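Chain and residue survey
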Amino acid sequence: AQSVTQPDIHITVSEGASLELRCNYSYGATPYLFWYVQSPGQGLQLLLKYFSGDTLVQGIKGFEAEFKRSQSSFNLRKPSVHWSDAAEYFCAVHGSSNTGKLIFGQGTTLQVKP
Amino acid sequence: SQTIHQWPATLVQPVGSPLSLECTVEGTSNPNLYWYRQAAGRGLQLLFYSVGIGQISSEVPQNLSASRPQDRQFILSSKKLLLSDSGFYLCAWRLADRENSPLHFGNGTRLTVT
């Protein structure tokens, strides 16, 4: 069965520091992978997505993610974190291309220190 | 462009009372529609999805039901709420005819059952 694991429940970084959020997936075929961000009390906003091709994908707000098939990973990165990046981040994998339903990881809460 | 509306934004209901949460999508036809629930400190759990009018698939047996009376309308209901129904409910849509289409989320409804 498909699954997504985000090993870090909570991460704290200083403003201006680099960031990497980990995501590991389990999926039998070539996965469709996504990263979403959620501010408190809000819905989820799509940051970026991977379907095929270039394994390094660029997203909004200066985020990027790298797909590594050999490691079953899709880690999210940002070179320099801003205080406004504090939020919860979710990695997700397509559970079924027919129904489009997504399977989400448990999320990583990012705190940014001034 | 497409937009998704969810209401109400917040709701406080006593145990045993009925529930109706509504979600509508504008700017597209025949979308796939989804209801997710996010309990405090936990990830997102898919409750229901629909690939067409009147077609509802349930992912988790529970006290809730869903209906799709119109193409772009998705309703989450309960006849008698339980304390465990408290949470943050998110509606989402995606393009049905595009295999790699991501989910787009509404702003959510915070439900507190007292």
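See the structure printed just above.
Note that the coordinates shown come from a computational prediction; the quantities given were computed from them, not determined experimentally.

Cut-offs and rules
Residues numbered from 1 in each chain as written. Chains lettered and ligands numbered in written order. Predicted model: local features only at pLDDT ≥ 70, side-chain atom pairs only at ≥ 80, totals over all residues. Heavy atoms only, no water. Helix = DSSP H or I, 4+ residues; strand = E, 2+ residues; numbered from the N terminus. Buried < 20%, exposed > 50% of the residue type's maximum accessible area, 1.4 Å probe, protein only. Areas by Shrake-Rupley, 256 points an atom, 1.4 Å probe, with all protein chains shown as cover. Lys, Arg positive; Asp, Glu negative; His and termini not counted. Charge placed at Lys NZ, Arg CZ, Asp CG, Glu CD. Core = buried A, V, L, I, M, F, W, Y, C linked by side-chain atoms within 4.5 Å. Contact = heavy atoms within 4.5 Å. Buried area = accessible area lost by both parts, 1.4 Å probe. Salt bridge = Lys/Arg side-chain N within 4 Å of Asp/Glu carboxyl O. Polar contact = N/O pair within 3.5 Å; in protein donor to acceptor, adjacent residues only side chain to side chain.

Structural notes on the overall build of chain B
The number of helices and strands found in chain B is 0 helices and 11 strands. Secondary structure elements in chain B, listed N-terminal to C-terminal, are β-β-β-β-β-β-β-β-β-β-β. Principal axes of the C-alpha set define a box for chain B whose edges measure 40 × 25 × 20 Å. Considering chain B as a whole, with its 114 residues, one finds that 49% of them fall into the buried category. Surface summary for chain B: the accessible area is close to 5,300 Å², and the carbon and sulfur share equals 49%. Side-chain charges of chain B comprise 9 positive and 7 negative groups, with the mean position of each set lying 8 Å from the other.

Quick look at the nonpolar core
If you look at the biggest cluster of nonpolar residues, it comprises 26 residues, and the most contacted ones within it are Leu19(A), Trp35(A), Leu47(A), Leu48(A), Phe74(A), Leu76(A) and Tyr89(A). Top contributing element to this core by residue count: strand β10 (residues 87-94) of chain A, with 4 residues. One finds Leu33(B), Ala66(B), Leu76(B) and Tyr89(B) within the second-largest nonpolar core, a separate group that totals 21 residues.

Remarks on the interface of chain A and chain B
Listed by partner, the interface residues are 23 residues for chain A and 21 residues for chain B. Summing both sides of the interface, chain A and chain B together bury roughly 1,800 Å²; the carbon and sulfur share of this comes to 54%. Seen at the junction of chain A and chain B, the total is 1 salt bridge. Across the salt bridge formed by Lys101(A) and Glu59(B), the nearest N and O atoms sit 3.1 Å from each other.

Some words on the side chain of Asn32(B)
By the element assignment, Asn32(B) lies in strand β4 (residues 32-38). Within the structure, the side chain of Asn32(B) is placed 3.5 Å from the side chain of Tyr34(B), a separation counted as a polar contact. Look past the residues within four positions of Asn32(B) in its chain and what remains in contact with it is Asn98(A), Thr99(A), Ser50(B), Val51(B), Ala92(B), Trp93(B), Arg94(B) and Ala96(B).

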